[in-house]
Amino acid sequence: MTTASTPVSAGSAASRLRPPVAHPECAILCVDDEKMILDALKVQISRALGDRYLYEFAENADEAMELIEDLHGDGVQVLVIVSDWLMPGQRGDEFLIAVHRRFPRIVKVLLTGQADAAAIERARTQGGLHRCLHKPWNEADLIDAIVSGLSDE
Amino acid sequence: MARFPDPAAPAAPDTAAPPPPPAAGAARAGSLGRRMTVLVALSIAVGLLLLVIAQSRTAYRDMRALSEAGTLALTERLAEEVAPLVRWRKVPGIEAFLDRLAADPQLSVAAFAATDRQGRPLVRKTVPGRAAYDLDDAFNRAQGALVRGETVNVSTSRHFVVLMPLRFGRDQIVVGYLGIAWSLEAINRQLLTGILQQVGMSVAAAGLALVVLLTLLRRTVARPVDQMAAAMAALADGNLDVEVPKVGRDDEIGRMATALAVFKDNAVERHALTEAVRAQNIQLKVEKDNAVRLARQARTAAEDLRVAKERTERAMAELKAAQDHLVQSEKMAALGQLVAGIAHEINTPLGAVKSSIGSIGSNLRSLLALLPALLRDLTPAEEELFLALVAEGTRTDRRQVTAREQRQMRKALTTRLETAAVADPRTVADALVDMGLGETDVERFLPLLLGRNGRSALDAALRLAQMTQGTGTIASAADRAAKIVFALKTFSRFDPSAEMITASLRDGLDTVLTLYHNQIKHGVELVQDYQPVPPIPCRPDELNQVWTNLVHNALQAMDHKGRLTIRLFQADGRAVVSIADTGCGIPDDIRDRIFEPFFTTKRAGEGSGLGLDIVRKIVERHGGTIEVFSQPGHGTTFTVRLPLDQTSAAASTAAPAPSQDVPA
């Protein structure tokens, strides 16, 4: 009925209890320091893409990187990252560039309320940025960006 | 005509008056010698002449006298000899006697005549070849004297005529008269020869004397004088290099030479002095010109100063007006720096609103379709659970959960649901977590979830929950946006003559913190320690400018990482606001200067350096004080103290003094 239960602890320890699955898991990761935005993104993206993907959320770049490594360790492949730019600690463009170095196949979308043209350009040239959207974003544009990124794979 | 250079006039080249040719000097000396020669010669000649003439006259007279005396004596002897002849009228004897006389070359008889006592001529003879003389005439004229028995002699230029009575006998009776005209030719000739000889000798002697004299004169007088004249002429012409002739004698010439040497030295000295004086005069003239020019410049400068003073007074008035504008500009400048962050701040809630509205709309549509069928299909027990689930999911009092916490909750729930054999446990867990439920809440809903309508009920409940969340999101987003807009409006208001109103300091601090929220939340720990402080009379817009500036500086000092501590409290009858950062601090050497206008440690363009100056002015206008305490490497604290009421600080709220130094 169930797998052996061991004490739940944060992060990667608990993830090992996930039951084995038949097909590789794919996840879409959203990173933004505003919980409000993450909630909104979850509603829109999960509504559009449904159960095919896992939806993961992080509130800063460090948390996101840790999460990506955890998921990778669990055999979950992060396909798309939608990231804010202005975040505490590492900014969005630097984060995406770091991700690109490690996981160049991940589709990267920048979602930003401020347009720092230089940062966006850096993310494009060094980070393989797929698309940049501005807040407030259009839901259709967001879904299109993700889907087009996934189909480019 | 001055021969020496005139000290007052600039030195002109010596070509102004061409120097006389040097030969002239010699010529003049020569002419002196010549003149002397001429004069001396003339003098000597004239002297000689006079001497000769005098001598000649004397000699002539003497010789004449002598010869006349001799002739007289001779004539007397002849008379004695002739007297007997004349007594006895022996005419041939007389003739022969007189002829013998005439023929004697030593005696130069010109004419003779013998007469008797009555004067009747016995013999008359004129000797040829000798100057003629008319004895008859002489006898006639001398008749009287002869008769008296006198001897008469007549001297003329050519004759010496003797007329004498002839006396015979013992009684010496006059028997006749004899007249002989002796010719003076010989005498004259002798005399002339003698004179010429004398003259010749005299001339020779004179010539010798002249030569000697002239040579002497020349050597002792003319040459030294000539040399001195040349030297003096050269000196007079300004040639100070001449050599003064050395005359070793002690006489006038020597003294003149000595004097000339002294004159030359004096002249040289004077020349040197003159040159020095001229140079000095030139310098003085230059200095005088300078002084005149400086005086003129000073006058101009004084005039300029007066004009400048007037302008300054006018400018002071303009400056006051500019000060107020500057405060506004600073605000705008600070605002500009905030705009980017503010844009993000507004866009964030807007994004949330948009997505929330989208999801609300789509959920509504879906629910309108799903709900009727669901409510029909649910059993009463399921319906109760469903409604309870909906109630749980639409609660508005849940605390905000972080994504990390949600992840953990999701994992725990998934495990629980797996244990409970709920189908698709991860999706279900996800939905439940989204609705705010945790592992503990899920127990009671297991029956519903395990039931036939479990998924659709969950789906409907989730949608309702999402809609509720959405409205909540929209509400708080709208609030956020309104706060930001309000803060902007408050910040940008400009009213320099604003009256003081009673306002809460806390509100002002909150307004400012809202504006900076975006910058604060990123790595800055904000500590707000607000004690109750009553509203104070103030100009809130200006004070907001103060808080903005201090918060801005604090964040910059910390490079947006660290702790920002804002305190509000009362102390000593004053409201105190302190803004502290954990930044790099302010070094001791500039701490006293930070309130100076235009003092800034930032690069050009980054800060005007006016911020703290304006802050201080605003605080002073409120009758307050501002202090800074800083530890380099640890942090800085600005403390603003404001009066709780303005009666105690009435004087300070008048128009501010241009510069008041606040103890830092």
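Parameters at a glance
- Every chain is numbered on its own, with residues counted from 1 as its sequence reads.
- Here chains are named by letter from A upward and ligands by number from 1 upward, in the order in which they appear as written.
- Selection of residues for local features in this predicted model requires a pLDDT of at least 70, selection of side-chain atom pairs for listing and counting requires 80 or more, and totals for whole chains, interfaces and linings are taken over all residues.
- Computation of side-chain values: all heavy atoms of the structure, hydrogens and water removed.
- Per the convention used, a helix needs a DSSP run of H or I reaching at least four residues, while a strand needs a run of E reaching at least two, with both numbered from the N terminus.
- Relative accessible area decides the class of each residue, using a 1.4 Å probe on protein chains only: under 20% of the type maximum gives buried, over 50% gives exposed, and in between gives partly exposed.
- Every residue pair with non-hydrogen atoms within 4.5 Å of one another is taken to be in contact.
- Each accessible area value is a Shrake-Rupley result obtained with a 1.4 Å probe; residue values ignore everything except the protein chains displayed when judging cover.
- By the convention used here, strands pair only if DSSP detects at least 2 bridges between them.
- Lines are fitted to the C-alpha atoms to define the axes, a helix being fitted only along its stretch in contact, and any angle between axes, read from their N-to-C directions, falls within 0 to 180 degrees.
- Confidence of the predictor in every single residue is expressed as pLDDT, which spans 0 to 100.
- Any carboxyl oxygen of Asp or Glu within 4 Å of a side-chain nitrogen of Lys or Arg constitutes a salt bridge here.
- UniProt positions are given in the numbering used here, feature names are shortened, and annotations may be inferred rather than shown by experiment.
- N or O atoms within 3.5 Å of each other form a polar contact, as long as, within protein, one can give a hydrogen and the other can take it, and as long as residues adjacent in sequence are counted only when both atoms are side-chain atoms.

Account for the overall build of chain A, with residues named and values stated.
Helix and strand counts for chain A stand at six helices and five strands. Secondary structure of chain A in N-to-C order comes out as α-β-α-β-α-β-α-β-α-β-α. A total of 153 residues make up chain A; the buried ones form 54% of that total. In chain A, of all internal contacts separated by at least 6 residues, the share reaching a separation of at least 24 is 65%. Accessible surface for chain A amounts to roughly 6,600 Å². Of this, 51% is attributable to carbon and sulfur atoms.

Just give me the short version of the sheet that holds strand 11 (residues 625–631) of chain B, but keep the residues and values in it.
Residue and element names in this part refer to chain B. Pairing is mixed in the open sheet, where five strands are placed in the order 7-9-10-12-11. The open sheet is flanked by strand 7 (524–530) and strand 11, the only strands paired with a single partner. Pairwise comparison of adjacent strand axes, ignoring direction, gives a mean angle of 10 degrees for this sheet. Where strand 9 (residues 562–571) lies against strand 10 (residues 574–581), seven bridges are found, and the strand directions are antiparallel. Within strand 10, the position partnered with A571 by the bridge is R574. Contacting strand 7, strand 9, strand 10 and strand 12 (635–643), helix 13 (residues 540–557) runs over the sheet at an angle of about 25 degrees to strand 10.

Residue-level account of the sheet that holds strand 5 (residues 129–134) of chain A, with values.
Residues and elements named next belong to chain A. On the basis of which strands lie adjacent, the open sheet formed by five strands has the order 2-1-3-4-5 and parallel pairing. With partners counted over all chains shown, the strands left at the sheet margins are strand 2 (54–58) and strand 5, one partner each. Adjacent strand axes in the sheet meet at a mean angle of 25 degrees, parallel and antiparallel pairs treated alike. Bridge analysis of strand 3 (residues 76–83) against strand 4 (residues 107–112) gives four bridges, and the strand direction is parallel. Bridge pairing in strand 4 links I81 to K108.

Now, about the confidence of the model for chain B: what can you tell me, with residues and values included?
Residue and element names in this part refer to chain B. Per-residue pLDDT for chain B averages 80, and the proportion of residues at 70 or more is 88%. Below a pLDDT of 50 lies the segment residues 8–27, which in the model reaches twelve contacts outside its immediate sequence neighbourhood of four places, other chains included. Contacts for the low-pLDDT stretch residues 651–664, under 50 throughout, to residues beyond four places or in other chains number 22 contacts. The ipTM for the predicted assembly is 0.72, set against a pTM of 0.45.

I'd love a proper account of the pattern of salt bridges, names of residues and values included.
Residues and elements named next belong to chain A. The tally for this structure, following the rule as stated, stands at 36 salt bridges over all chains. For K135, the salt bridge goes to D32, with nearest N and O atoms at 2.9 Å. One end of the pair, K135, is in the loop between strand 5 and helix 6 (139–152); the other, D32, is in the loop between strand 1 (25–31) and helix 2 (35–49), with 103 residues separating them in the sequence. Given the relative accessible area of 4%, K135 is considered buried.

If you had to explain the UniProt feature "modified residue: 4-aspartylphosphate" (unreviewed entry) in chain A to someone new, which residues and values would you point to?
On the UniProt side, "modified residue: 4-aspartylphosphate" (unreviewed entry) is annotated at positions that read D84 of chain A here. Relative to the elements of secondary structure, D84 of chain A occurs in the loop between strand 3 and helix 4 (92–102). Its relative accessible area of 1% is what places D84 of chain A among the buried residues. Residues contacting D84 of chain A, with those up to four places away along its chain left out, are V31, D32, D33, G92, L110, L111, T112, G113 and K135 of chain A together with H344 of chain B.

Describe in detail helix 11 (residues 505–515) of chain B, supporting the description with residues and values.
All names here are of chain B. Among the eleven residues of helix 11, eight are classified as buried, and the element is accordingly described as predominantly covered. Within helix 11 the residues assigned to the buried category are L505, G508, L509, T511, V512, L513, T514 and L515. Residue S504 occupies the N-cap position of helix 11, its side-chain oxygen lying 3.1 Å from the main-chain nitrogen of R506.

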